[in-house]
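Commentary on secondary and tertiary structure
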Amino acid sequence: MSVFSPVEMAPRDPILGLNEAFAADQRAGKVNLGVGVYYDEAGKVPLLRAVQAAEEARVAEHAPRPYQPMEGLASYDAAVQRLLFGPDSPLLDAGRLITAQSLGGTGALKLGADFLQRQAGKRMVAISNPSWENHRAIFEAAGYDVVAYPYYDPKTHGLDLDGMLQGLRDLPDGTVVILHACCHNPTGVDIAMADWVKVIDVIQQKGHVPFLDIAYQGFGSNLEDDAAAVRLFAESGLAFLVASSFSKSFSLYGERVGALTMVTASQEETAPVLSQLKRVIRTNYSNPPTHGAKVVAAVLTTPDLYQQWEVELGEMRDRIRDMRSSLVAKLAAAGVATDMSFIQQQRGMFSYSGLTAEQVARLADEFGIYAVSSGRICVAALNTGNIDAVANAMAAVLK
Ligand code: PMP
């Protein structure tokens, strides 16, 4: 008998399970569409040229490695704010912004969850149906009841706006509401600007606490337009939170670069909120790592590198778009009679393909093509070398 004897196996992570099944598959033409990362045309996780340049400069400095402040690198935090709100935003000088470097977007969500639980007594959070699976898990682990508001309409492959607005109205006042700022994971279905206005209206009426998750800024239209929802919240005067992730946009997954930004309702609120956020950080991991934030801050604050990064982000975005239109065309060419053009309208790395769990299972069994059982496919895992096989296999199971 040991302290560990009573410990039972945790439920299998569906996506990790999928990766294991993929690794065990011996077929030459196997394709893993279950992943949540951007692969380039060669099927590799890219090292961006802007990142490489910033890293080389940093290594050449041979800088010492002191602890960072609890809230992380100041130049990074300030750059995150400019990226979110725009360089001319009045918020930048209004004394209402707090940004803390975090361990990826996941870390930002966890900090926000802990903060709201400890300091605002929040116990209920609403996530979209469906949402990134970890939203539920993170908030449950932080002691919340997690409920879902309607979001995706499988009939139209689009947004169920009325359902969403009603769902938000039906929640108890003051619920924390997680919103995907752009490139919704897993559906690829985003909220139009005119509809965001309606969402903000309900949130304001109900006193909900908006918590925006922006993990794909730059993967939808461009850096500015993808932040439009964040900026609309900023204009509303509401207090809200934003979790940023640079895992995808800088292809720096393992460096854990993210940030939690809190927008307070007034300057007076800022100092106490920052002081309490620091306590949350201090009692979790004390202070964040240096490397990723230094690299991202260098890119964001050096005009040449920034320009280079925007180009590279555009290349990733365009390649995904090409894969979307190519997949739609190839599905039609392979004899799929139903209109699959919704795949082209979806934004970001993912597509809710409309495949059923059964069809997904057939894709894996018969063709060695792996996707999430919900039908989510990572469009960024497609390339000119595997797209024909994927389209033909999808066509076979859709018929
Ligand atoms: N939010 C969403 C919607 C995501 O898809 C992801 C990454 N899959 C994250 C947050 C977390 O990102 P990170 O890897 O930076 O923790």
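Residues numbered from 1 in each chain as written. Predicted model: local features only at pLDDT ≥ 70, side-chain atom pairs only at ≥ 80, totals over all residues.

As a structural note, the neighbourhood of the ligand is formed by Gly36, Gly104, Gly105, Thr106, Trp132, His180, Asn185, Asp213, Ala215, Ser245, Ser247 and Gly258. Residue contributions to the shell around the ligand peak at 3 residues, all from helix H4 (residues 104-120). The residue makeup of the shell around the ligand, split by class, is 2 nonpolar, 9 polar and 1 charged. (Near = placed C-beta within 6 Å. Helix = DSSP H or I, 4+ residues; strand = E, 2+ residues; numbered from the N terminus. Nonpolar A, V, L, I, M, F, W, Y, C, P; charged D, E, K, R; others polar.)

This paragraph deals with the pairing of strand S8 (residues 209-214). Taking burial as the measure, the 6 residues of S8 include 6 buried ones, the bulk of the element. Burial along S8 is two-sided: the face carrying Val209, Phe211 and Asp213 and the face carrying Pro210, Leu212 and Ile214 are both buried. The handedness of the strand S7 (residues 176-180) to S8 crossover, carried by helix H7 (residues 193-206), is right-handed. Here 4 bridges tie S8 to strand S9 (residues 240-245), and the two strands are oriented parallel to one another. Paired with Leu212 across the bridge in S9 is Val242. (Buried ≥ 20, exposed ≤ 12 C-beta atoms within 10 Å, placed from the backbone. Right-handed = clockwise from strand over helix to strand, strands pointing away. Pairing = 2+ DSSP bridges.)

With that settled, consider the domain arrangement of the protein chain. For the protein chain, the domain assignment lists domain 1 (14-48 + 306-398) and domain 2 (65-301). Between the C-alpha centres of domain 1 and domain 2 the distance comes to 27 Å. At the junction of the two partners, domain 1 supplies 22 residues and domain 2 supplies 24 residues. Looking at the side of domain 1 that touches domain 2, the elements with two or more residues in it are helix H11 (303-333) and strand S11 (350-352). The element contributing the most residues to the side of domain 1 that touches domain 2 is H11, with 5 residues. Of the residues in the side of domain 1 that touches domain 2, the class split is 13 nonpolar, 5 polar and 4 charged. (Domains from an automatic or database assignment. Contact = placed C-beta atoms within 7 Å.)

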